[in-house]
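Residues per chain are reported as follows:
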Protein chains: 2
Amino acid sequence: MPHIRLNEELPGIRSLFDFRPETAGPLCRLADILLHQSSSLSRADRELIATYVSSLNDCYYCQTSHGAIAAYHLGGDEGAVLHVKRDFTTAPISRKLKTLLAIAEKVQKGGKQVAAADVENAKKAGATDLEVHDTVLIAAAFCMYNRYVDGLGTWAPQDAESYKQRAATVAEGGYNRIPSDVKHQTNGQIP
Amino acid sequence: MPHIRLNEELPGIRSLFDFRPETAGPLCRLADILLHQSSSLSRADRELIATYVSSLNDCYYCQTSHGAIAAYHLGGDEGAVLHVKRDFTTAPISRKLKTLLAIAEKVQKGGKQVAAADVENAKKAGATDLEVHDTVLIAAAFCMYNRYVDGLGTWAPQDAESYKQRAATVAEGGYNRIPSDVKHQTNGQIP
């Protein structure tokens, strides 16, 4: 049960965007820039980093919603997403992404855990400074989103199908539409 | 030494805002809403929450810069800030702030650490739902900012005076001015 009074029709972070639209704006814009807007890292790669960090933080809502978006970008390959969460070192992903996931794993533990050697490994695998930067910021940002979602006790749907449906919308439309979407829904016009 | 190539004249998160102005926008807006814009929680209280979480995350740059801003809002009382970092339960602060710092401490460990009883304690001490929400989001956001600053190996000034000078500017002007400020400075026009 949520620790504060939230719109019960909205799950996870969406109930928090509805509760505090002022902070929803920058939180959604940050996610859109990091995960959706054009980048030399594919959307699938970036969603896998977000999903992996969310699984390390044991946030069911975030790892399931972003896992579904990652799977959408991978043509529906849910197995690859589960493989990354279980053991990314043997998953069917690029060597570069493995080195970036290793950095993300350190960031989840704490910023000072990242060693120069971790970044060197990523650069040797072809990662640019911007890709390293965005990996660190995605991992750090999900240490925020995960704590926000679970720290206020929001609820999460348990059926995989609802995450899958939502994933298609977000994967295509991005994250900037979420605040107005939420506003729309709290007017009782849930589509 | 920073893990990526950053403007060496700018310390901490300011070098990262300069490196990636796109993400600097929402990151500064979020800080401004949570720490500077009007709220039933005083600016001093909110900066103390940010400082305390940053000290738990062992982020020197963030705990020193926000600690200096908290002290500014407390009329220069640096002792109170150090007392909160050392043991907030005996610090000269309100009972309500102590219950909010207890929530922030749990959020730093992980979102699921926050128990209904922690929030009940805060409400009994007079905290509103919005104040509980903002406390959780401030704590979660600093779990991001701290990891961002340290995960990319940014440098931090070691002299207290520079933090004190900067604190006055940010305490009065807020956080939204930071990106343009950084842009200004990277044009070689450091004031």
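None of these values were measured; they are calculated from a predicted model.

(A) Region of interest: the overall build of chain A. Each helix and strand in chain A was counted, giving 10 helices and 0 strands. In chain A, the order of α-helices and β-strands from amino to carboxyl end is α-α-α-α-α-α-α-α-α-α. Viewed in the frame of its principal axes, chain A has a C-alpha envelope of about 50 × 35 × 30 Å. Classification of the 191 residues of chain A by burial places 59% in the buried group. Within chain A, contacts between residues at least 6 apart in sequence are counted, and of these 70% link residues at least 24 apart. Accessible area of chain A: about 7900 Å², with a carbon and sulfur share of 51%. In chain A, 21 side chains carry a positive charge and 22 a negative one; their mean positions are 4 Å apart.

(B) Broad picture of the packing of helix H2 (residues 21-36) of chain B against helix H8 (residues 129-151) of chain B. All names here are of chain B. Put simply, H2 and H8 touch, their axes get as near as 11 Å, and they point 145 degrees apart. Note on packing geometry: the crossing formed by H2 with H8 is left-handed. The residues of H8 that touch H2, namely those facing Thr23, Leu27, Leu30, Ala31, Leu34 and Leu35, are Asp134, Leu137, Ile138, Ala141, Phe142, Met144, Tyr145 and Tyr148. In terms of residue class, the contact of H2 with H8 is built from 12 nonpolar, 1 polar and 1 charged.

(C) Structural detail: the relation of the copies chain B and chain A. With an RMSD of 0.0 Å, the operation that places chain B on chain A is a rotation of 180 degrees combined with a shift of 0.0 Å along the axis. Such a combination of turn and shift is consistent with a two-fold rotation axis. The position closest to the rotation axis in chain B is occupied by the C-alpha of Pro26 of chain B, lying 2.2 Å away. Comparing interface residues between copies, 100% of those in chain B also lie at the interface in chain A; the contact surface is shared.

(D) Fine view of the pattern of salt bridges. Summed over all chains, the structure comprises 14 salt bridges over all chains. Two residues, Glu78 of chain A and Lys164 of chain A, come together in a salt bridge whose shortest N-O distance is 3.7 Å. In this pair, Glu78 of chain A sits in helix H5 (residues 78-87) while Lys164 of chain A sits in helix H9 (residues 160-173), placing the two residues 86 residues apart along the sequence. Here Asp129 of chain B makes a salt bridge to Lys123 of chain B, at a shortest N to O gap of 2.9 Å. Look at the salt bridges and you will find they share partners, linking Arg20 and Glu22 of chain A together with Asp134 of chain B into a network.

(E) Just the side chain of Arg46 of chain B, in detail. All names here are of chain B. With respect to the element layout, Arg46 can be found in helix H3 (residues 43-56). Nearest to the buried, unbridged Arg46 among oppositely charged side chains is Asp134, at 6.0 Å. Not counting the four nearest positions on each side in its chain, Arg46 is found in contact with Ile33, Leu34, Leu35, His36, Gln37, Ser38, Ser39, Leu41 and Ile138.

(F) The arrangement of the packing of aromatic side chains in detail. Residue and element names in this part refer to chain A. Evaluation of the coordinates by the stated rule reveals 8 aromatic pairs over all chains. Ring centres of Phe142 and Tyr145 lie 5.0 Å apart, and the angle between their planes is 65 degrees; on these two criteria the pair is classed as edge-to-face. A residue pair is termed a helical-turn pair when its members lie 3 or 4 positions apart in one helix, as Phe142 and Tyr145 do in helix H8 (residues 129-151) at 3 residues. Owing to a relative accessible area of 3%, Phe142 belongs among the buried residues under this scheme. One aromatic cluster is present, formed by Tyr60, Tyr61 and Tyr163 through successive ring pairs.

(G) Region of interest: the nonpolar core. Ranked by internal contacts, the top residues of the largest apolar core, which has 120 residues, are Met144 of chain A together with Met144 of chain B. Filtering out sequence-adjacent residues up to four positions away, Met144 of chain A remains in contact with Leu27 and Leu30 of chain A together with Leu30, Leu137, Ala140, Ala141 and Met144 of chain B.

(H) Just unusual backbone geometry, in detail. The backbone of Asp58 of chain A shows a phi angle near 60 degrees, a positive value even though the residue is not glycine. Its location among the elements puts Asp58 of chain A in the loop between helix H3 (43-56) and helix H4 (60-73).

Procedures and definitions
- Residues numbered from 1 in each chain as written.
- Chains lettered and ligands numbered in written order.
- Predicted model: local features only at pLDDT ≥ 70, side-chain atom pairs only at ≥ 80, totals over all residues.
- Heavy atoms only, no water.
- Helix = DSSP H or I, 4+ residues; strand = E, 2+ residues; numbered from the N terminus.
- Buried < 20%, exposed > 50% of the residue type's maximum accessible area, 1.4 Å probe, protein only.
- Contact = heavy atoms within 4.5 Å.
- Areas by Shrake-Rupley, 256 points an atom, 1.4 Å probe, with all protein chains shown as cover.
- Lys, Arg positive; Asp, Glu negative; His and termini not counted.
- Charge placed at Lys NZ, Arg CZ, Asp CG, Glu CD.
- Axes fitted to C-alpha atoms, helices over the stretch in contact; angles between N-to-C directions.
- Left-handed = near helix turned anticlockwise from the far one by under 90°.
- Nonpolar A, V, L, I, M, F, W, Y, C, P; charged D, E, K, R; others polar.
- Least-squares fit on C-alpha atoms with pLDDT ≥ 70 in both.
- Salt bridge = Lys/Arg side-chain N within 4 Å of Asp/Glu carboxyl O.
- Phe/Tyr/Trp six-rings, centres within 6.5 Å; stacked < 30°, edge-to-face > 60°.
- Core = buried A, V, L, I, M, F, W, Y, C linked by side-chain atoms within 4.5 Å.

Everything listed here is a matter of geometry and, on its own, says nothing about what the molecule does.
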